[in-house]
Amino acid sequence: MKNWEGEMWCPWGNSVEKVIIEEGITSIGEYAFSGCSRLTSITIPDSVTSIGSSVFGGCSSLTNITVTNDNRNYASENGVLFSKDNKKIICYPAGKKDKVYIIPDRVTSIEEWSFSGCSSLTRISISASMRGIANGAFSGCSSLIGINIPGSVTSIGEWAFSGCSSLINISIPNSVISIGENAFYGCSNVTIKCKSGTVAQQYAMSNNIGYETDDVAPIVEVAYSTIEATNKDVQVTITSNEEMQTINGWILSENRLSLTKTYISNAKEEIKVKDLVGNITNITVEINNIDKIPAEIEVVYSTTEPTNQDVQVTIKSNEAIQRVDGWTLAKDKLSLTKTYKSNAKEKIQIKDLVGNITNATIEINNIDKLPAVIEVIYSTKELTNQDVQVTI
């Protein structure tokens, strides 16, 4: 295949099923494979640096697009064509049979007509990083019944949802400030949910599209996995009486009624919880019960000099600690004591109240309670007129 810049490279569309583009080809022009209704797969080599718009329009059987690993401008994942940095979706094959597609969080834009004709998709989740919905992006997704538009989106292009005949309700947030012509052409049963006075309401009124307004902020509740002192992570769950938008750093449940986040350290965070049309409830999440720092301790001996007395060992801590078998815990829980009657070496674990561990080694080798073993030696035991020397 040579570089192609014209329209409709594939006039024999009903016969081509597989295309492997030769290495050395650098560009694929607009509509190059348009109308290849039996095409199921295509491989794009490293050499391709440019792909025009609507290249795979009408490729209703296309299920897989593969890009070789060393291509500098493009990449593929699960058969979907992306820009090399994975921030842009260029084409979702119309013949894929998946019913649900979650656009990855890293994606910030989608190519015009990129999901056009994807008749199997019933639900699409748009990433919270998306800034706009391109012209014709989801046109012809005839089975689509649910799609979320996050608060990051500011524009909806022309023909964006045209032909989405199964779409009944769509919530448009107040962040959207422009909606293109015929964005919902052919969506005869659709109702737009929005805030009063927004571009979405004006668009619905101007185009005779049914709409419902919602100006009531969501009612939310914040729950913590524990409020007791802990050395574990704390999970926070926000539940709402209505569907919510995605919040960066939080996991939104499939039914969109709860958000969860795991905190590994203490924190205070102000959160804006938004419903699908942009009504806001402000909440404060505050974690101050996580303690993952072990106690700092000091080991003190009653004496380190040689002694024939017992040695008392005291372990002092900078915070309250737990009991240790064989030791006496002070009333304020800041020290442990133990009396040793003989030399010993002992390794013990000191735990603070939430279970953080500090290891300590107790070593006593200065106790001596055994009397000396002596021998008395006389210089002589015979009768003598000399002095007698005694050695002990």
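Shown above is the structure to which this text applies.
Residues numbered from 1 in each chain as written. Predicted model: local features only at pLDDT ≥ 70, side-chain atom pairs only at ≥ 80, totals over all residues. Heavy atoms only, no water.

Engineer: What's the story with the overall build of the chain in this structure? I'm lost.
Structural biologist: From N to C terminus, the chain includes one helix and 32 strands. Relative to a compact globule of 392 residues, whose C-alpha radius of gyration would be 21 Å, the chain shows 38 Å and is clearly more extended. C-alpha extents for the chain along the principal axes are approximately 140 × 55 × 25 Å. Burial analysis of the chain (392 residues in total) assigns 42% to the buried set. Long-range contacts, defined here as pairs at least 24 residues apart, represent 35% of the contacts in the chain between residues at least 6 apart. Element-wise, carbon and sulfur atoms account for 47% of the exposed surface of the chain, whose accessible area totals about 21200 Å². (Helix = DSSP H or I, 4+ residues; strand = E, 2+ residues; numbered from the N terminus. Rg over C-alpha atoms; globule rule 2.2 N^0.38 Å. Buried < 20%, exposed > 50% of the residue type's maximum accessible area, 1.4 Å probe, protein only. Contact = heavy atoms within 4.5 Å. Areas by Shrake-Rupley, 256 points an atom, 1.4 Å probe, with all protein chains shown as cover.)

Engineer: Got a minute to help me understand the sheet that holds strand E26 (residues 311–317) in this structure?
Structural biologist: Picture the strands of a sheet paired through backbone hydrogen bonds; they go either parallel or antiparallel. In space, the four strands of this open sheet follow the order E25-E26-E28-E27, with antiparallel pairing throughout. Each edge of the open sheet is held by one strand with a lone partner, namely strand E25 (297–301) and strand E27 (328–329). Bridge count between E26 and strand E28 (residues 335–340): six bridges; the pairing is antiparallel. Counterpart to Thr314 in the pairing with E28 is Thr337. (Pairing = 2+ DSSP bridges.)

Engineer: How should I be thinking about the pairing of strand E8 (residues 88–91) in this particular structure?
Structural biologist: Look at any regular strand and the pattern is simple: side chains alternate between the two faces of the sheet. Of the pairings in the sheet, the one linking strand E7 (residues 80–83) to E8 comprises two bridges and is antiparallel in character. Opposite Leu81, over in E8, you have Cys91 as the bridge partner. Here E7 folds back onto E8, and the loop between the two strands holds four residues, one of which, Asn86, carries a positive phi near 65°. Sheet topology places E8 next to strand E10 (residues 109–110); two bridges connect them, and they run parallel. By the bridge assignment, Ile89 is partnered in E10 with Ile110.

Engineer: Help me understand the packing of aromatic side chains, please; the structure alone is not making it clear to me.
Structural biologist: Centre-to-centre distance and the angle between the planes together describe a pair of aromatic rings. Overall, the coordinates contain 11 aromatic pairs when judged by the stated rule. On the numbers, 5.5 Å between centres and 70° between planes, the contact of Trp159 with Tyr185 is edge-to-face. Here Tyr185 lies in the loop between strand E16 (178–179) and strand E17 (191–194) and Trp159 lies in the loop between strand E14 (155–156) and strand E15 (169–171), a separation of 26 residues in the sequence. Between Phe184 and Tyr203, the ring centres sit 6.3 Å apart and the planes meet at 65°, which makes this aromatic pair edge-to-face. Within this pair, whereas Phe184 is found in the loop between E16 and E17, its partner Tyr203 is found in helix H1 (residues 199–206), the two being separated by 19 residues in sequence. Three or more aromatic residues joined by ring pairs form one cluster here, namely Tyr92, Tyr101, Phe115, Phe138, Phe161, Phe184 and Tyr203. In this structure, Arg106 packs its charged tip against the face of Phe82, placed 5.3 Å from the ring centre. (Phe/Tyr/Trp six-rings, centres within 6.5 Å; stacked < 30°, edge-to-face > 60°. Lys NZ or Arg CZ within 6 Å of the ring centre and 35° of its normal.)

Engineer: For this particular structure, what's the right way to read the side chain of Lys96?
Structural biologist: Assignment of secondary structure puts Lys96 in the loop between E8 and strand E9 (100–102). Using a relative accessible area of 13% as the deciding quantity, one classes Lys96 as buried. Reaching out from Lys96, the side chain makes a polar contact with the backbone oxygen of Asn78 at a distance of 2.9 Å. Dropping the residues within four chain positions of it, Lys96 is found in contact with Leu62, Thr63, Asn78, Val80 and Ser120. (Polar contact = N/O pair within 3.5 Å; in protein donor to acceptor, adjacent residues only side chain to side chain.)

Engineer: Looking at this model, I keep getting lost on unusual backbone geometry. Mind explaining?
Structural biologist: Trans peptide bonds make up the majority, and among non-glycine residues the majority have a negative phi. Phi is positive for Ser54, which is not a glycine, with a value near 55°. Mapped onto the secondary structure, Ser54 falls in the loop between strand E4 (50–51) and strand E5 (64–67). Of note, Asn78 is a non-glycine position whose phi angle comes to about 55°, a positive value. When you line up the elements, Asn78 lands in the loop between strand E6 (74–77) and E7.

Engineer: Quick question: what am I supposed to make of the pattern of salt bridges here?
Structural biologist: Oppositely charged side chains can form a pair if their charged atoms are brought close together. Evaluated as defined, the whole model comprises nine salt bridges. In this structure, the salt-bridge partner of Lys261 is Glu269, at a minimum N-O distance of 3.1 Å. Of the residues examined, Glu269 reaches a relative accessible area of 24% and is grouped as partly exposed. As a salt-bridge pair, Lys338 and Glu346 come within 3.2 Å of each other at their nearest N and O atoms. Salt bridges linked by common partners bring Asp310, Lys341 and Lys369 together as one network. (Salt bridge = Lys/Arg side-chain N within 4 Å of Asp/Glu carboxyl O.)

Engineer: Help me understand a nonpolar patch on the surface in this model?
Structural biologist: A contiguous nonpolar patch, built from Ile374, Val376, Tyr378, Val388, Val390 and Ile392 and spanning about 590 Å² of accessible area, is present on the exposed surface. Its place among the elements puts Tyr378 in strand E31 (residues 377–378). Residue Tyr378 is classed as partly exposed on the basis of its relative accessible area, which comes to 43%. (Patch = residues over 30% accessible without salt bridge, like charges linked within 9 Å, V, L, I, M, F, W, Y side chains within 5 Å.)

Engineer: It is not clear to me how the environment of Ile21 should be interpreted in this structure. Could you clarify?
Structural biologist: Tracing the sequence through the fold places Ile21 in the loop between strand E1 (18–20) and strand E2 (27–28). Ile21 gets classed as buried once you look at its relative accessible area, which sits at 3%. Sequence separation between Ile21 and Ile44 is 23 residues, and the spatial gap between their C-alpha atoms is 5.8 Å.

Fair warning: the whole summary comes from geometry, so function is off the table for now.
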